[in-house]
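Coordinate analysis (summary)
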Amino acid sequence: MESANQGLLADAMTDVPVDNAARGAAPEGLTLAEEEELRAELAKVEEEIGTLRQVLAAKERHCGELKRKLGLTPLDGLKQNLSKSWHDVQVSNAYVKTSEKLGEWNDKVTQSDFYKKTQETLSQAGQKTSAALSNVGSVISRKLGDMRNSATFKSFEDRVGTIKSRVVGSRENSTDGLHSPSGAGDKPPQDNAPF
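No experiment lies behind these values; they were computed from the predicted model shown.

Considering the overall build of the protein
- In terms of helices and strands, the protein carries 6 helices and 0 strands.
- For the protein, the proportion of its 195 residues judged to be buried stands at 6%.
- Sequence-distant contacts, at least 24 apart, represent 50% of the contacts inside the protein between residues at least 6 apart.
- For the protein, the computed accessible surface area is about 16,500 Å², with 59% contributed by carbon and sulfur atoms.

Quick notes on the pattern of salt bridges
- Enumeration according to the criterion identifies 4 salt bridges in this entry.
- Between glutamate 104 and lysine 101 there is a salt bridge, with the nearest N and O atoms lying 3.7 Å from each other. Remark: lysine 101 and glutamate 104 occur in helix 4 (residues 93-111); sequence separation between them is 3 residues, near one turn of the helix.
- Classification of lysine 101 as partly exposed rests on a relative accessible area of 42%.
- Residue glutamate 157 pairs with arginine 148 through a salt bridge whose shortest N-O separation is 3.8 Å.

Points about the packing of helix 3 (residues 74-91) against helix 4
- Interhelical geometry of helix 3 versus helix 4 gives an angle of 60° and a closest axis separation of 4 Å. In terms of orientation, helix 3 lies oblique with respect to helix 4. Taking contact as the criterion, the partners of Trp86, Val89, Gln90 and Val91 in helix 3 are, on helix 4, Asn93, Tyr95 and Val96.
- Its residues placed into classes, the contact of helix 3 with helix 4 shows 5 nonpolar, 2 polar and no charged.

Side note on a nonpolar patch on the surface
- On the surface, a cluster of nonpolar side chains totalling about 340 Å² of accessible area is made up of Trp86, Val89, Tyr95 and Val96.
- Within the residue set of the nonpolar patch, elements represented by two or more residues are helix 3 and helix 4.
- Structurally, tyrosine 95 is set in helix 4.
- Tyrosine 95 sits in the partly exposed class, given a relative accessible area of 32%.

Brief notes about the packing of aromatic side chains
- Evaluated as defined, the whole model comprises 2 aromatic pairs.
- A centroid spacing of 6.0 Å and a plane angle of 75° characterise the contact between tryptophan 86 and tyrosine 95, whose relative ring orientation is edge-to-face.
- Judged by centre distance (6.5 Å) and plane angle (45°), the rings of phenylalanine 153 and phenylalanine 156 are tilted. With a gap of 3 residues between them, phenylalanine 153 and phenylalanine 156 both fall in helix 6 (residues 151-172), about one helical turn apart.
- Exposure remark for phenylalanine 153: the relative accessible area of 17% places this residue in the buried category.

Description of the packing of helix 4 against helix 5 (residues 113-148)
- At their nearest, the axes of helix 4 and helix 5 sit 5 Å apart, and the two run at 60° to each other. Taken together, the axes of helix 4 and helix 5 lie oblique to each other. Here Val109, Thr110 and Gln111 of helix 4 lie close against helix 5, whose contacting residues are Asp113, Tyr115 and Lys116.
- Grouping the amino acids of the contact of helix 4 with helix 5 by side-chain chemistry returns 2 nonpolar, 2 polar and 2 charged.

So, how was this worked out
- Residues numbered from 1 in each chain as written.
- Predicted model: local features only at pLDDT ≥ 70, side-chain atom pairs only at ≥ 80, totals over all residues.
- Heavy atoms only, no water.
- Helix = DSSP H or I, 4+ residues; strand = E, 2+ residues; numbered from the N terminus.
- Buried < 20%, exposed > 50% of the residue type's maximum accessible area, 1.4 Å probe, protein only.
- Contact = heavy atoms within 4.5 Å.
- Areas by Shrake-Rupley, 256 points an atom, 1.4 Å probe, with all protein chains shown as cover.
- Salt bridge = Lys/Arg side-chain N within 4 Å of Asp/Glu carboxyl O.
- Axes fitted to C-alpha atoms, helices over the stretch in contact; angles between N-to-C directions.
- Parallel < 35°, antiparallel > 145°, perpendicular 65-115°, else oblique.
- Nonpolar A, V, L, I, M, F, W, Y, C, P; charged D, E, K, R; others polar.
- Patch = residues over 30% accessible without salt bridge, like charges linked within 9 Å, V, L, I, M, F, W, Y side chains within 5 Å.
- Phe/Tyr/Trp six-rings, centres within 6.5 Å; stacked < 30°, edge-to-face > 60°.

Next comes the structure, spelled out in structure tokens:
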């Protein structure tokens, strides 16, 4: 691996051009020798930067190959980054101070007389609403029971039963070869169900 990095360093040194066109008159306060020394140092730093970029690109490719071999997906990396970022936010001074301040405000609000009165009022309103809905449900149940026991409903129930027996009876008498699973033959089934 080290020999590969040295090879990259050698390649990088030949890839970075030296800009001779940028040379002009020496800046004020610099001698020609100082300028040449600074330009040489600048060229060396630019070469190092290019080399580091190439090494970094090679390392990133190698890292990607290792992740692929381990079955790690970019989504896993994103989840890990988001998790770490959220943790960093939660332990930050701003977040901690804000949480403390909000906790103090919450305590002040919940201990205030206005909050307590509002809470009591809403609680009473909820209890009254619940009782009213319970009463309405009881009334509806009773009315439906009364209606089911009425003569009109009984007459309607009888008519539906008659229609049902005629429909079931006509199926038994059909010529398509289907027979009643009960084996009742021509007799209509005795069904005491309301529907």
